[in-house]
Amino acid sequence: MCGIAGFVALREGLPPQSLDELTAMVSALRHRGPDEFGLYRDAHAGLGHARLSVIDLLTGQQPLCNEDGSLWVTFNGEIFNYVELRAELEALGHRFRTRSDTEVIVHAYESWAEQAFERFNGQFAIALWDSAEETLILARDRLGVRPLYLCEHGGRLWFASEVKAIFAGAPALTRAFDPVGLAETFTFWTVVPPQSVFQGVTELEPGHVRRISRRGTVDRAFWTPRYAEGAAPASSPGEAAERVRAALEDAVRLRMLRADVPVGSYLSGGLDSSLVAALGRRVSGGRFCTFSVRFEDLEFDETPYQRAVAERLESEHHELVVSREDIRAAFPAVVAHAERPLLRTGPAPLFLLSRQVREAGIKVVLTGEGADEMFAGYDLFREGKIRRFWGRQPESALRPRLLERLYPYLVRSPVSQRTLAREFFGRGRAQWDTPGFAHQPRWQSAAALQRLFSAELRDRLRRVDVVERLLASVPAEFPGWSSLAQDQYLEARTLLSGYLLSSQGDRMLMAHSIEGRFPFLDAHVVELANGLPDAFKLRGLDEKHVLKRVARGLVPDGVVERSKQPYRAPDAQAFVGPGAPGWIEDLTSERAVGDAGVFDRGAVARLWRKCQASAAGGQLSNFDNMALVGVLSTALLHEQLIRQVPSRAPGVEFRTFVDRLSGACGRPGSGIAAGV
Amino acid sequence: MTVQQRIRAFILENFYVSDPAELADDALLVTSGLVDSTGVLEIIAFVEEEFGIRVRDDETTPDNLESIERIASFVARKRQANGPTSFTSGDVSAA
């Protein structure tokens, strides 16, 4: 796992690009891959690599080439089925020099061209440079575990794992927020690729491959999800659970064993990570480390469940207690790594946890991410089911009472609150049959935050409807899917890919050079889950029904039976009250808000007054929390990535150095930059 | 300030409205997304404290609470129903 960067000329006659830019890009990604650095350059293209050595520690350096040196690759991620693919490729006559999964990529591309990517079971962002054809091929895994950003500037296409590397490589580039990216963030909690929050920067869409040459660019999806058609179930839930269990065991085994370093596991105390850790424990022979975040605020804490699982697994259990002060102190770095505004502080504890993993000497962890999307775990899916049922009979007084099954606190609430809840959940119920119906309450709540935007920004967004844009970009098969499948797809496309795997996933893990592996996002597990009948996933209102059957006996009953607790961390409370550092006041000041241009000064001043007053004991709503975290993170992002000129940190020392312009070439074992 | 102005000032401040000119006194607060269900509770707490009334559960309806104007006339009706109190006639805005 690593960071990648590079560029390719988009037109003839450009002077050669100096190595300084590529060096600056790789240096900006040092946290992703601190172990070794490499670069390749010729007259048209450059590839850079920062390596976190996980597989084939001795000879897996990059960039790496095919037998005749015509095809070069720089790659971030893992191809978990590389051993099987290698055997196939050797049978086809390919000769391998290393034991790495990276080398499988070049030979697979030689044999199968773009069809290679759909054979990869893994998490990857890949750049392949075909120097004979003068064509760059970029590809990204199905669900977007690994990031890949793009930007056209000065006649070249620049690409990198993180935006900060593009900014470092091209400091003359105008750095500014993109209004549409902001509107998406303040609706979906994330941008939706290819959109980014920075002007001129785009993201390669998950599951896509792009071919770039001076003749033009072609971008296409090499994978789109397939959901079950409305046919009768082919098996019983029990049989389905057996198949899911077998697929998950395989997925965990691959992720435990395809590593030349020890693999640990995150453990939140919920069903998904407990199941993953339990399966990982069975594969691991000796030491098996589990890592948990605990909270000083009891409201968010899940310690008893974590400990119950750790005791059952007899793991070497590591706990990290996170306080409000910890979140506040980490937050500027968290935003710099996430590279997008955040509406929650949830990423911060995971940033701190990956540091603890690093200190424990572990480089790779399993996580339970993806189970809620693939197996229908979220309240949003249950809520959507009830609201649609209600919408079909909009005058029914009985149907909305099902909401009380979902949100038991409503039963104990005063009638007034129940009336309001009905008002909230019932809004637009006549349109129960339209795409995005289940998500509308959440999207509308978040989009209401846009009233904090400055008049100028709101003016620029007057004719932009980001929900309409999203719903217009769904696959052709979408209308034929069930409502649940549509909801699952939208959830995976937005929150999973852009927030959970990115802001809360890759970025927080890689901040401390930790690789996350996601068994629930294994290619076979995903195909299997998407092919299951809806009723096996959401049985009545029982969420993740099949997965609970799988987990029985593997994790403590209390964990299978507990009601789902969304992962949350203290939000606004972390930033107000005594001891709050000066930077918070600075960022909400008229000057800073005016400089960033995103928010209205008066509105931010009113929000800040309300939040400060709450420190004396007032209550803040969910909306206030999102508003304050959104304002602070946007300001921190502006300060750190837009206003500050990217620093050119001292260059890294390249272990792999192939410069076809100067004829210099250094390979592992031969020292650096020896003339060839 | 009239009741309606006091309610308006509270809503502008509490829901950090960036452009007061954009919020008409007859704008629908919940439907427009300005106020969510927690926000309605904040409004109720405010009018109870500010105007010394009690809002019953069955009064928590859009008719009473959906706009600044409706809240103002609801408050006026409640205070009238409570019998003669100390407020002056200028306190109640036309609604």
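Residues numbered from 1 in each chain as written. Chains lettered and ligands numbered in written order. Predicted model: local features only at pLDDT ≥ 70, side-chain atom pairs only at ≥ 80, totals over all residues. Heavy atoms only, no water.

Caption draft 1: Up close: the confidence of the model for chain A. Scored by pLDDT, chain A comes out at a mean of 93, with 98% of its residues at no less than 70. Note that residues 669-676 of chain A has pLDDT below 50 and, in this model, 15 contacts with residues that lie over four places away or in other chains. (pLDDT = per-residue confidence, 0-100. Contact = heavy atoms within 4.5 Å.)

Caption draft 2: Region of the structure containing the packing of aromatic side chains. Inspection of the entire model under this criterion finds 30 aromatic pairs over all chains. Judged by centre distance (6.0 Å) and plane angle (45°), the ring pair of A:Y378 and A:F381 falls under tilted. Between B:F10 and B:F46 the ring centres are 4.0 Å apart and the planes differ by 10°, which places this aromatic pair in the stacked class. One end of the pair, B:F10, is in helix α1 (residues 3-14); the other, B:F46, is in helix α2 (residues 37-51), and 36 residues separate them in sequence. For the pair formed by B:F10 and B:F46, the shared burial category is buried. Three or more aromatic residues link up through ring pairs in this structure, and these residues are A:F117, A:F120, A:F124 and A:F222. Geometry around A:F389 places A:R399 over its ring, the cationic atom sitting 3.9 Å from the centre. (Phe/Tyr/Trp six-rings, centres within 6.5 Å; stacked < 30°, edge-to-face > 60°. Helix = DSSP H or I, 4+ residues; strand = E, 2+ residues; numbered from the N terminus. Buried < 20%, exposed > 50% of the residue type's maximum accessible area, 1.4 Å probe, protein only. Lys NZ or Arg CZ within 6 Å of the ring centre and 35° of its normal.)

Caption draft 3: Expanded view of the sheet that holds strand β6 (residues 122-130) of chain A. Residues and elements named next belong to chain A. If you walk across this open sheet you meet the six strands as β4-β5-β6-β7-β11-β12, and the pairing is antiparallel. The strands lining the two open edges of the sheet, one partner per strand, are β4 (64-65) and β12 (216-221). Pairing of strand β11 (residues 208-213) with β12 involves six bridges; the strand directions are antiparallel. In the sheet register, S213 faces β12, and the bridge partner there is G216. Here helix α3 (residues 101-112) sits on the sheet and contacts β4, β5 (71-79), β6, β7 (135-140) and β11; the angle it forms with β5, its principal contact strand, is near 125°. (Pairing = 2+ DSSP bridges. Axes fitted to C-alpha atoms, helices over the stretch in contact; angles between N-to-C directions.)

Caption draft 4: Main features of unusual backbone geometry. Residue and element names in this part refer to chain A. The residue after Q62, namely P63, is reached through a cis peptide bond having omega -5°. Note on placement: P63 falls in the loop between β3 (45-51) and β4. Look at the link from P193 to P194: it is a cis peptide, with omega at 10°. Here P194 shows up in the loop between α6 (179-188) and β10 (201-203). In this model, A376 sits at a positive phi of 65°, which is unusual for a non-glycine residue. For A376, the position within the fold is in the loop between α12 (371-374) and α13 (379-391). The exposure class of A376 is buried, given its relative accessible area of 0%.

Caption draft 5: Structural view of the domain arrangement of chain A. Residues and elements named next belong to chain A. When cut into domains, chain A gives domain 1 (2-223 + 653-675), domain 2 (237-375 + 505-561) and domain 3 (572-643). One C-alpha centre belongs to domain 1, the other to domain 2, and the line joining them spans 28 Å. Listed per partner, the contact involves 40 residues of domain 1 and 32 residues of domain 2. Between domain 1 and domain 2, roughly 3100 Å² of surface is buried when both sides are summed, and carbon and sulfur atoms account for 55% of that area. Residues R146 and D506 are paired through a salt bridge, measuring 2.5 Å at the closest nitrogen-oxygen approach. (Domains from an automatic or database assignment. Buried area = accessible area lost by both parts, 1.4 Å probe. Salt bridge = Lys/Arg side-chain N within 4 Å of Asp/Glu carboxyl O.)

Caption draft 6: Spatial organisation of the environment of A:V546. All names here are of chain A. Tracing the chain through its elements places V546 in helix α23 (residues 545-551). When its relative accessible area of 1% is taken as the criterion, V546 is described as buried. Expressed as a C-alpha distance, the spacing of V546 and C665, which sit 119 residues apart in the sequence, is 55 Å. Contacts of V546, omitting those with residues within four sequence positions, involve P237, A240, A241, V244, L532 and F536.

Caption draft 7: Fine view of the interface of chain B and chain A. The interface of chain B with chain A comprises 22 residues on the first partner and 24 residues on the second. Each partner contributes to the roughly 2100 Å² buried at the junction of chain B and chain A, and carbon and sulfur atoms together form 51% of this total. Between the two partners, chain B and chain A, sit four salt bridges. The salt bridge involving A:R606 is made with B:E13; its shortest N-O contact spans 4.0 Å. Where chain B meets chain A, there are 10 residue pairs in polar contact (both at pLDDT 80 or more). (Polar contact = N/O pair within 3.5 Å; in protein donor to acceptor, adjacent residues only side chain to side chain.)

Caption draft 8: Structural detail: empty space enclosed by the protein. What the rule picks out here adds up to 12 cavities of 30 Å³ or more. Taken together, A:T419, A:L420, A:E423, B:V30, B:V40, B:I43, B:T60, B:T61, B:P62, B:L65 and B:E66 form the lining of the largest cavity. Looking at the lining of the largest cavity, the elements with two or more residues in it are α16 (415-426) of chain A together with α2 and α3 (62-65) of chain B. Counting residues per element, the lining of the largest cavity draws most heavily on α16(A), at three residues. A class-by-class count of the residues in the lining of the largest cavity yields six nonpolar, three polar and two charged. (1 Å grid on protein atoms, 1.4 Å probe; cavity = no way out; pocket = protein on both sides within 12 Å on 5 of 7 lines; lining within 4 Å. Points joined across faces, edges and corners; volume = space filled by probe spheres on them. Nonpolar A, V, L, I, M, F, W, Y, C, P; charged D, E, K, R; others polar.)

Caption draft 9: Expanded view of the pattern of salt bridges. Residue and element names in this part refer to chain A. This structure, assessed with the given rule, holds 64 salt bridges over all chains. For the salt bridge of R562 with E302, the shortest nitrogen-to-oxygen distance reads 2.9 Å. With R562 in the loop between α24 (557-561) and α25 (582-587) and E302 in the loop between β14 (289-295) and α9 (303-313), this residue pair connects regions lying 260 residues apart in the sequence. Across the pair, E302 and R562 agree in class, each one buried.

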